[in-house]
Amino acid sequence: MTIIELHKKFPSQKDALRHLENVRWPEGKVICPFCQSNRITKMKSELRYHCNKENRTFSVRAKTIFEDSRLDIRSWFFAVALMLNAKKGISANQLKRDLGITYKTAWYCLMRIRCALADQVNFLQGIVQIDEAFLGGKPQKDNFGTTIQKSKRGRGTLKNKILVMVEQKKGGKSIAKLMPNLTSETLLTALKKYIKKDLSILVTDKYKGYSKLDDYFNHITINHSKQFSKGKISINKAENFIGLLKRGLVGQYHKLSAKYLPFYLSEFTFRYNNSLDKNSFSKAIELSVNKGKCMLRYKCNTNNHVEICQL
Ligand SMILES: [Zn+2]
């Protein structure tokens with residue numbers, strides 16, 4: 001949705017709130033988000049409700065990513081649209097300037113939206129291209145400021161390791177995960193989780209970490225020193241995804257820590273996976289309402305990968 005369309009569709013704060021109510025309670029049946037009771041009284045103050053069972057009041061924002069935020073819903077909608085329209089992502093500094101809000105508000109707003117967009121695609125199938133990306137992370141320094149461990153290039157690097165999986169077909173989906181390491185065991189565990197074994201062919205380059213895949217998956221290896229594709233099979237889409245991710249993350253988000261990487265990955269994969277969908281804005285708003293409050297937490301399973309938690 002363009003900014004002009006958004007402005008026309010939601011000319012006032014009330015229009016935006018009403019829209020949110022329609023998304024959350026499609027048949028107009030308001031349900032208490034805390035106890036699921038339908039014994040609700042509409043209050044005199046606009047768009048607030050009273051739960052008669054628990055004797056508490058709430059609005060459509062309760063238990064959504066919009067809870068506990070002073071930012072008005074219309075600005076939230078603009079933030080969602082700006083994020084989805086920005087191919088390389090939008091930084092908190094940019095959103096701050098676009099909406100005239102503080103950096104802190106902009107940062108939380110974007111993080112919560114990323115949280116809502118997370119984990120929309122749970123598995124891939126067909127011809128699936130696999131590649132890894134290395135992002136951020138500086139060489140370690142000792143107390144005197146001398147570099148003690150220089151970050152190597154390539155797979156031995158101290159940078160954050162990201163596994164990227166992309167379906168080769170047109171409109172194919174993607175999944176990207178922050179990985180603790182890229183050993184063959186870790187890679188196999190992640191790929192088993194996200195790729196349907198019987199319906200898929202995996203395409204990778206010659207990295208030895210992929211050697212164990214042959215026992216479990218249909219697996220095609222492309223030797224980049226000799227060829228870039230085997231017929232129509234390549235890892236170009238995975239490489240393009242990584243290119244976009246690098247240009248976006250390095251250009252927009254200067255201080256990139258592993259802690260928040262899963263949130264950025266959810267933003268990039270959602271945008272990639274919905275790039276042909278004209279209703280991606282509505283989809284994002286639905287997720288913002290229905291996925292529950294975002295807690296900005298994540299868990300790291302050392303044998304697997306880092307995930308955003310929903311509490
Ligand atoms: Zn209640």
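Preceding block: the structure.
Residues numbered from 1 in each chain as written. Predicted model: local features only at pLDDT ≥ 70, side-chain atom pairs only at ≥ 80, totals over all residues. Heavy atoms only, no water.

**Q** Where do I start with the coordination of the zinc ion in this structure?
**A** Each pair of donors in an ideal four-coordinate tetrahedral metal site encloses 109.5 degrees, whereas pairs in an ideal six-coordinate octahedral site enclose 90 or 180 degrees. Only Cys32 (SG), Cys35 (SG), Cys51 (SG) and Glu54 (OE) from the protein coordinate the zinc ion, and they sit 2.0 to 2.4 Å from it. Of note is the zinc ion, whose four donor atoms meet at the metal with angles of 101 to 119 degrees in an arrangement that counts as tetrahedral. Read from N- to C-terminus, the donor residues coordinating the zinc ion fall into the pattern C-x2-C-x15-C-x2-E. Of the two residues, Cys35 sits in the loop between helix H2 (13-24) and strand S1 (40-42) while Glu54 sits in the loop between strand S2 (49-51) and strand S3 (56-58), which places them 19 residues apart along the sequence. Glu54 gets classed as partly exposed once you look at its relative accessible area, which sits at 31%. (Donors = N, O, S within 2.8 Å, 3.2 Å for Na, K, Ca; no water. Tetrahedral: all angles 85-135°; square planar, octahedral: opposite > 155°, others 65-115°. Helix = DSSP H or I, 4+ residues; strand = E, 2+ residues; numbered from the N terminus. Buried < 20%, exposed > 50% of the residue type's maximum accessible area, 1.4 Å probe, protein only.)

**Q** Just checking my understanding: could you explain the pattern of salt bridges for this structure?
**A** Between side chains of opposite charge, pairing is possible as soon as their charged atoms come close. A full pass over the atoms with the stated rule returns seven salt bridges. Asp119 is the partner of Lys177 in a salt bridge, and the nearest nitrogen-oxygen pair spans 3.2 Å. Taken together, the positions of Lys177 in strand S8 (residues 174-179) and Asp119 in the loop between helix H5 (103-117) and strand S4 (124-135) put the pair 58 residues apart, joining distant regions of the chain. The class for Asp119 is partly exposed, based on a relative accessible area of 39%. Residues joined by salt bridges that share partners form a network here, namely Arg114, Glu267 and Arg271. (Salt bridge = Lys/Arg side-chain N within 4 Å of Asp/Glu carboxyl O.)

**Q** So what exactly am I meant to see when it comes to the sheet that holds S1 here?
**A** Two strands in a sheet stick together by hydrogen bonds in their backbones, pointing the same way (parallel) or opposite ways (antiparallel). Taken together, the three strands give an open sheet; going across it, the order is S1-S2-S3, and neighbouring strands pair in antiparallel fashion. Only two strands of the sheet have a single neighbouring strand rather than two, namely S1 and S3. Between one strand axis and the next, the sheet turns through 30 degrees on average, direction left out of account. Sheet topology places S2 next to S3; three bridges connect them, and they run antiparallel. When the sheet's bridge partners are listed, His50 is paired in S3 with Thr57. (Pairing = 2+ DSSP bridges. Axes fitted to C-alpha atoms, helices over the stretch in contact; angles between N-to-C directions.)

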